[in-house]
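# An overview of the molecular structure
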Amino acid sequence: MNLSSSSAAVQVPATVTVAAGSDSATFTVPTAGGAATTTARVTASVAGVSETGTLTIKPATLASLTLDPSHVLAGASATGTVSLNGHAPSGGLKVNLSSKLSGLTMPTSVTISGGQEQASFTVTTPKVTKPISTTITATEGSSSIQIAFSAIPLSPNSLTVSPAPVVGGSTASGTVTLNSPVPAGGFTVNLSSDQTAATVPPTVTVPAGDTSATFDVWTTPVATDTDATIIAEAGGSSVSVSLTIIAPDILTLALNPSTTYAGGSSTGSITLTGAAPVGGLTISLSSDQAAVVVPSTLFVVAGRMSATFTITTTPTSAGTTANIVATDPYDAIAVAQLTVTPPGGLAAGGWPKFRGNAANTGLGTGTGADGTLVWSVPTTNQTSWSSPAIGPDGTVYVGSDDGNIYAVSPAGVVQWTFQTGGRVMASPAVDSNGIIYAGSDDFYFYAINPNGTLSWKFQAGQSFESSPTIGPDGTIYCGCFDGNLYAFSPGGTEKWALYTGNGGIFGSAAIGSDGTIYAGVANAGLFAVDPGGNTRWVFGGDGGFFQTPCLGSDGTIYVTSDYGDLYAINPDGSQKWQSTAISAVYGDQVSSPGIGPDGTIYVGSFDGNVCAINPDGTTKWKYLTGSYVQSCPAIGPDGVVYISSDDGKIYAFNSDGSVKWISPYGGLSMSPALAPDGTVYVSAPGTGLCAIGKASG
């Protein structure tokens, strides 16, 4: 079937085929856009027969107007698009554009090219400081379309501060967030605060491409909680946030030490949540125990966050636990407990230190040993220079060359070991609370809990080879190879250190009834020191004093010199007498003296003798062993003297010098300790810790 059109505006195919068996066929009629209405006749003919249809073509008109986006940031652009409901005529179609808003940049018209259905244009907003809105109109002939269009300025959208609230004197962080990413060049936001207690920088700049920026909020200490308003302003709008600046409260109350002896002291420390305000901060203090005294108030200086105060205790025989209460002006309360133990000092009822007591007399309370080896406990390398100490429950404490301190039950069972970093040559000491004190060649002085755990330690400049002693107030005194005599509080604080010279202190200090501490110093002399760490006098003798001094009941100090002489020194530092009954090549080859219940002084000599010296300095008796005697004597209340020799034997002498028994254990040179049950404990190189008692049955 043939097809034809009467108008060029309507293009039809030349033919259309009706399929076999069908009575119709369809075809597409393309039209061309035009400026006016056009009517065309389309004719279909076949076999001399034709039919005609009429088609009216109207010109295309406006169909829509869009903006992308329709809401922009001031100074930004959007893309507008006008669309027809058909194709533009061949010469194109002009669409007029208009807006009532001045300053808006866009073309007055846009032309849709011939045969096209739409065209786009750009709309740019002015950089205004307030939001704007308008309509854009597209007009073509008698038809027009409008669309709403708006713009807002770049401005703060939100403001936050963290932390909030904030303690006065600390710094918070503010964050300002804008309503849109910043274009090139960055964007400045003005900042302000309505309170001097909170200050901010005058401006903050949001970098290009970002939507937010942070800034510091500096606060000052305040006496009462203060509310401040932080403001961020730009682009004709502002946002704000409230910030509470809080006054400081008590954060912690700490006591150091938290346990002290009756008559001792502790230091309380108050820490605030922030700095004290101008004028400072007064905190009220109280104690619920009359025996524990605190100041009524504590003043924290302006700008400070902490202060300390001293707690004193009454030197009574009883212990107690006190609640220390601190209250600030805002009723914040902190409580800490101070445990007050009975007065300190050496543990009672045993042999708590080298030489048995604070006077170093070597006088014990036990009797009855007959020389029988009850048991022995080897240390790791079976070598120990340490003399044992015995706690009130019978536990034996001894140091070893293997670096351990051993705790051994009266039955010979090792309860625990405490490892130091070097040899433990000195004897431990045990205080009334069961704390064990000992020094080591690793330069540390240790305080060990009764269960074998570390309580505290102190580092000195050299090794500790001196055995500690403990004063009645709990102060621990120990000499060091660095030449210092150290005084420690039971809590581990160094009270003082007295430098005595470079000779080193090896012996254990003795403590007189008036509190005077007596310490021998190698190559320097015998020092008498008051409890405050001040030297009262120094006795030079014929050199120095390597060994341990002991004190008679009348206050006389007995000590062997580095060159083998035994001195008796009056409490004022003057010489009472000098005995040459003993001998030594050097101070570590003669023993420290001990004092029997009748006042007799016993001492071992390098020439192998055990010597008994009368209180007037005359020789009472001597007994020659098989080798030199470095061991210090332990003496029972019955006058029996126990002492070991380097001939490998331990000797028991009656007070008249007669031998009670001799027991060989090999390589013995250490000083024995006498337990209240009469057991004699001694460290025997090659064997270990030996318990010498009675034969069973």
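The following paragraphs examine the structure supplied in this document. All of these numbers come straight from a predicted model, not from anything done at the bench.

## Observations regarding the pairing of strand S44 (residues 517-521)
Burial runs high along S44: 5 of the 5 residues are buried. Residues Ile-517, Ala-519 and Val-521 point to one face of S44 and Tyr-518 and Gly-520 to the other, with burial holding for every one of them. The pairing of strand S43 (residues 510-511) with S44 spans 2 bridges and is classified as antiparallel. Within S44, the position partnered with Ile-511 by the bridge is Ile-517. Linking two consecutive strands that pair antiparallel, namely S43 and S44, is a turn of 5 residues; a positive phi of about 90 degrees is found at Gly-515 within it. When S44 meets strand S45 (residues 525-529), the two strands line up antiparallel, connected through 5 bridges. Across the sheet, the residue bridging to Ile-517 is Val-529, located in S45.

## Some points on the side chain of Ser-440
Of note, Ser-440 is situated in the loop between strand S36 (436-439) and strand S37 (444-448). At 3.0 Å, the side chain of Ser-440 and the side chain of Thr-420 are in polar contact. Residue contacts for Ser-440: discarding those within four places in its chain leaves Thr-420, Gly-421, Gly-422, Arg-423, Val-424, Tyr-446, Ser-463 and Phe-464.

## What to know about the packing of aromatic side chains
The tally for this structure, following the rule as stated, stands at 29 aromatic pairs. When the ring of Tyr-558 is compared with that of Trp-577, the centres are 5.9 Å apart and the planes differ by 45 degrees; the resulting orientation is tilted. Of this pair, Tyr-558 sits in strand S48 (residues 557-560) while Trp-577 sits in strand S50 (residues 575-579), and the two are 19 residues apart along the sequence. Their ring planes at 45 degrees and their centres at 5.6 Å tell us that Trp-621 and Phe-653 sit as a pair that is tilted. Of this pair, Trp-621 sits in strand S54 (residues 619-624) while Phe-653 is found in strand S57 (residues 649-653), placing the two residues 32 residues apart along the sequence.

## Side note on the sheet that holds S44
Strand order across the open sheet formed by 4 strands is S43-S44-S45-S46, with antiparallel pairing between neighbours. Strand pairing shows two members of the sheet lacking a second neighbour, S43 and strand S46 (535-539), which therefore form its edges.

## Overview of unusual backbone geometry
With the exception of glycine, the majority of residues adopt a negative phi angle, and the majority of peptide bonds are in the trans configuration. A cis amide bond, omega 0 degrees, links Ala-164 with the succeeding residue Pro-165. If you trace the backbone, Pro-165 turns up in the loop between strand S12 (156-162) and strand S13 (166-167). Cis peptide bonds are those with omega within 30 degrees of zero, and the linkage from Asn-256 to Pro-257 qualifies with 0 degrees. Residue placement: Pro-257 occurs in the loop between strand S21 (250-256) and strand S22 (259-261). In this structure, Phe-443 is a non-glycine residue whose phi angle is positive, near 80 degrees. Relative to the helices and strands, Phe-443 is located in the loop between S36 and S37. With a phi angle near 65 degrees, Asn-523 is a residue other than glycine that sits in the positive phi range. Following the sequence through the fold, Asn-523 ends up in the loop between S44 and S45. Its relative accessible area of 54% is what places Asn-523 among the exposed residues.

Analysis parameters
- Residues numbered from 1 in each chain as written.
- Predicted model: local features only at pLDDT ≥ 70, side-chain atom pairs only at ≥ 80, totals over all residues.
- Heavy atoms only, no water.
- Buried < 20%, exposed > 50% of the residue type's maximum accessible area, 1.4 Å probe, protein only.
- Helix = DSSP H or I, 4+ residues; strand = E, 2+ residues; numbered from the N terminus.
- Pairing = 2+ DSSP bridges.
- Polar contact = N/O pair within 3.5 Å; in protein donor to acceptor, adjacent residues only side chain to side chain.
- Contact = heavy atoms within 4.5 Å.
- Phe/Tyr/Trp six-rings, centres within 6.5 Å; stacked < 30°, edge-to-face > 60°.

Note that every value here comes from positions in space, so none of it alone points to a role or purpose.
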